[in-house]
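Architecture and fold: a report
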Amino acid sequence: MASSIFFSPAANAVTVAIPTPTPTPTPRLVLVRANNASASATAATPTPRLVLVRANNASASASGPTLTLEECEAAAVAGNFPAPPPHSKPPGPKGTPLIEPLDLTRRPRRNRKSPTLRSAFQETTLSPANFVLPLFIHEGEEDAPIGAMPGCFRLGWRHGLIDEVYKARDVGVNSFVLFPKIPDALKSPTGDEAYNDNGLVPRTIRLLKDKFPDIVIYTDVALDPYSSDGHDGIVREDGVIMNDETVHQLCKQAVSQARAGADVVSPSDMMDGRVGALRAALDAEGFHDVSIMSYTAKYASAFYGPFREALDSNPRFGDKKTYQMNPANYREALIEAQADEAEGADILLVKPGLPYTDVIRLLRDNSALPIAAYQVSGEYSMIKAAGVLKMIDEERVMMESLMCIRRAGADIILSYFARQAAGILCGAMSN
Ligand code: PBG
């Protein structure tokens, strides 16, 4: 049999069939690369791992006798053809009513009757290439567990972070978004640390780009980690979040991130006009190739609770309702989407994810741009907590929730589950 290339479920996996010299019923083995990293990276880059995967997951002995192909052929040549499968089905349990079959033209269950048919007709797929892994970083050397987000850590930017990126790449996750925890001493009402070229985020970007040149780094553009008020913008004496003055700061922040090597800057602040201003500021500095992922529809959501604990970024007073959207609103997302698109956004993001799948679908149907969804901290923690309490099957609920976000229309998903889910997707291919 000639060697052939298969389309693999993981978009970034290279799958090559090993030609078998003689036809045998042994399941075919294929080579899958867990990581599409370019081999030219520096020493810290893991060599792409090769995993042996069976191309056929059906066990050969599941039904019928296990004849070798030669035996089958010999039997056929001798005129011994197998009998057709029985037409009559075994009876139901005692008490099953005896009835005439319903006269149905459509029986949708026909298309679900076997694993092969079900996977042939599967409309949505999930791949490590769809994931962006959010990473919390701090200046410390140690990784500090985040109480409200089991399994997540504030990572030391020099050690734990590198280790985490290394492991994520091993399962095909090559995109990351950085969230810094800034010491109180560096916070101010105008958040000026946000554009310090030697601040935690720019330093971390430079380090990561040096170690892993092929990864894609997304950054968060907003003042809250740097604001002594815990707000995404500058707070006026009367409590108003100042729009245009904040946008001015955000432009300096984004340019500083781009200078450090960021690939995609992601304004999550919800100020008006920031996408256009960021585009102009980036272009003016020659960063025409740096993309903007706009948090188009970011809702004032209680699902952000664990994140704010992780970064100690709760607003010191008030809430974020004058800039983040009202969870009751749907049409308003279109207004934001149209503005972001007109101002030059490259990717539109909806946040939170699962509770807002209708909004994801709305943007998907009204824009040709890629759509991102953020499965936020509260969504993550709910699944983790219920899993720990054995109320749900954590892994299955995790995979289903990610799939549902994709089905709703998201191209990429920012998720704290990215590494765990990608691990399952890679493992799943070896069954
Ligand atoms: C703020 C920001 C928040 C998140 C990402 N960026 C929180 C907020 O708006 O207060 C939340 C992410 C999560 O909950 O996982 N710029």
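Description of the structure in this document. (Residues numbered from 1 in each chain as written. Predicted model: local features only at pLDDT ≥ 70, side-chain atom pairs only at ≥ 80, totals over all residues. Heavy atoms only, no water.)

1. With respect to the site of the ligand
Around the ligand, the structure places 18 residues, and the nearest of them are Arg308, Lys320, Lys351, Ser377 and Tyr416. Gln324 is positioned with one of its side-chain polar atoms (N or O) 2.8 Å from an oxygen atom of the ligand. The contact in question runs from an oxygen atom of the ligand to an N or O atom on the side chain of Ser377, over 2.7 Å. For the ligand, the protein covers 100% of the area, taking 400 Å² as the surface of the free molecule. For the shell around the ligand, the class distribution of residues is 8 nonpolar, 3 polar and 7 charged. (Near = heavy atom within 4 Å. Polar contact = N/O pair within 3.5 Å; in protein donor to acceptor, adjacent residues only side chain to side chain. Areas by Shrake-Rupley, 256 points an atom, 1.4 Å probe, with all protein chains shown as cover. Nonpolar A, V, L, I, M, F, W, Y, C, P; charged D, E, K, R; others polar.)

2. Things to note about the packing of helix 10 (residues 377-388) against helix 11 (residues 394-408)
Contact geometry of helix 10 with helix 11 gives a least axis separation of 9 Å together with a crossing angle of 160°. It follows from the interaxial angle that helix 10 and helix 11 lie roughly antiparallel. In this structure, the crossing between helix 10 and helix 11 has a hand that is right-handed. Contacts between helix 10 and helix 11 involve Ile383, Lys384 and Gly387 from the first element and Glu394, Val397, Met398 and Ser401 from the second. Classifying every residue of the contact of helix 10 with helix 11 by side-chain character gives 3 nonpolar, 2 polar and 2 charged. (Axes fitted to C-alpha atoms, helices over the stretch in contact; angles between N-to-C directions. Helix = DSSP H or I, 4+ residues; strand = E, 2+ residues; numbered from the N terminus. Parallel < 35°, antiparallel > 145°, perpendicular 65-115°, else oblique. Left-handed = near helix turned anticlockwise from the far one by under 90°. Contact = heavy atoms within 4.5 Å.)

3. Observations concerning the side chain of Thr246
Its location among the elements puts Thr246 in helix 5 (residues 243-260). Note on Thr246: relative accessible area 0%, which makes it buried. Each residue touching Thr246, except ones within four places of it in the same chain, is listed here: Leu223, Asp232, Gly233, Ile234 and Met271. (Buried < 20%, exposed > 50% of the residue type's maximum accessible area, 1.4 Å probe, protein only.)

4. Focus: the nonpolar core
Counting residues in each nonpolar core, the largest one holds 103 residues, and the members touching the most others are Phe131, Phe136, Leu208, Leu282, Met293, Tyr374 and Leu414. It is helix 5 that provides the largest number of residues to this core, a total of 7 residues. In this view, Phe131 contacts Leu126, Val173, Ser175, Leu402, Ile413, Ala418, Ala421, Ala422 and Leu425; residues no more than four positions away in its chain are not counted. (Core = buried A, V, L, I, M, F, W, Y, C linked by side-chain atoms within 4.5 Å.)

5. A short note on the environment of Asn174
Topologically, Asn174 is positioned in the loop between helix 3 (160-170) and strand 7 (175-180). Expressed as a C-alpha distance, the spacing of Asn174 and Ala129, which sit 45 residues apart in the sequence, is 7.4 Å.

6. What to know about the environment of Val275
Along the chain, the position of Val275 falls in helix 6 (residues 274-284). Taking the relative accessible area as the measure of exposure, Val275 reaches 0% and is therefore buried. For Val275 and Leu250, which are 25 residues apart along the polypeptide, the C-alpha to C-alpha distance reads 9.9 Å. Apart from residues lying up to four places away in sequence, Val275 is in contact with Pro267, Ile292, Ser294, Asp340, Glu343, Gly344 and Ala345.

7. Considering the pairing of strand 11 (residues 264-267)
Neither face of strand 11 is exposed, since Val264 and Ser266 on one face and Val265 and Pro267 on the opposite face are all buried. Of the pairings in the sheet, the one linking strand 8 (residues 216-221) to strand 11 comprises 4 bridges and is parallel in character. Bridge pairing links Val221 to Pro267 in strand 11. The pairing of strand 11 with strand 12 (residues 291-298) spans 2 bridges and is classified as parallel. The partner of Val264 across the bridge, within strand 12, is Ser291. Tracing the backbone out of strand 11, into helix 6 and back to the parallel element strand 12 gives a crossover that is right-handed. (Pairing = 2+ DSSP bridges. Right-handed = clockwise from strand over helix to strand, strands pointing away.)

8. So, the packing of helix 8 (residues 331-343) against helix 9 (residues 357-366)
The N-to-C vectors of helix 8 and helix 9 enclose an angle of 45°; their axes lie 10 Å apart at closest approach. The orientation of helix 8 with respect to helix 9, classified from their angle, is oblique. Helix 9 is crossed by helix 8, and the crossing has right-handed handedness. Counting all contacts with helix 8, which are made through Ala333, Leu334, Ala337 and Glu341, the residues of helix 9 involved are Val359, Leu362, Leu363 and Asn366. Of the residues contributing to the contact of helix 8 with helix 9, the split by class is 6 nonpolar, 1 polar and 1 charged.

9. Structural notes on the packing of aromatic side chains
This model, assessed by the stated rule, comprises 10 aromatic pairs. Seen in terms of ring centroids, Tyr380 and Tyr416 are 5.8 Å apart; in terms of plane orientation they differ by 65°. Their pairing is edge-to-face. Separated by 36 residues along the polypeptide, Tyr380 in helix 10 and Tyr416 in the loop between strand 15 (412-415) and helix 12 (418-428) bring together distant segments of the chain. A single burial state applies to Tyr380 and to Tyr416, both of which are buried. Their ring planes at 50° and their centres at 4.6 Å tell us that Tyr380 and Phe417 sit as a pair that is tilted. Residue Tyr380 is found in helix 10, and its partner Phe417 is found in the loop between strand 15 and helix 12; the two are separated by 37 residues along the sequence. Given a relative accessible area of 2%, Tyr380 falls into the buried group. Note on Phe417: relative accessible area 0%, which makes it buried. One residue, Arg203, lies across the ring of Trp157, its end atom 4.9 Å from the ring centre. (Phe/Tyr/Trp six-rings, centres within 6.5 Å; stacked < 30°, edge-to-face > 60°. Lys NZ or Arg CZ within 6 Å of the ring centre and 35° of its normal.)

On their own, these measurements won't tell you what the molecule is for.
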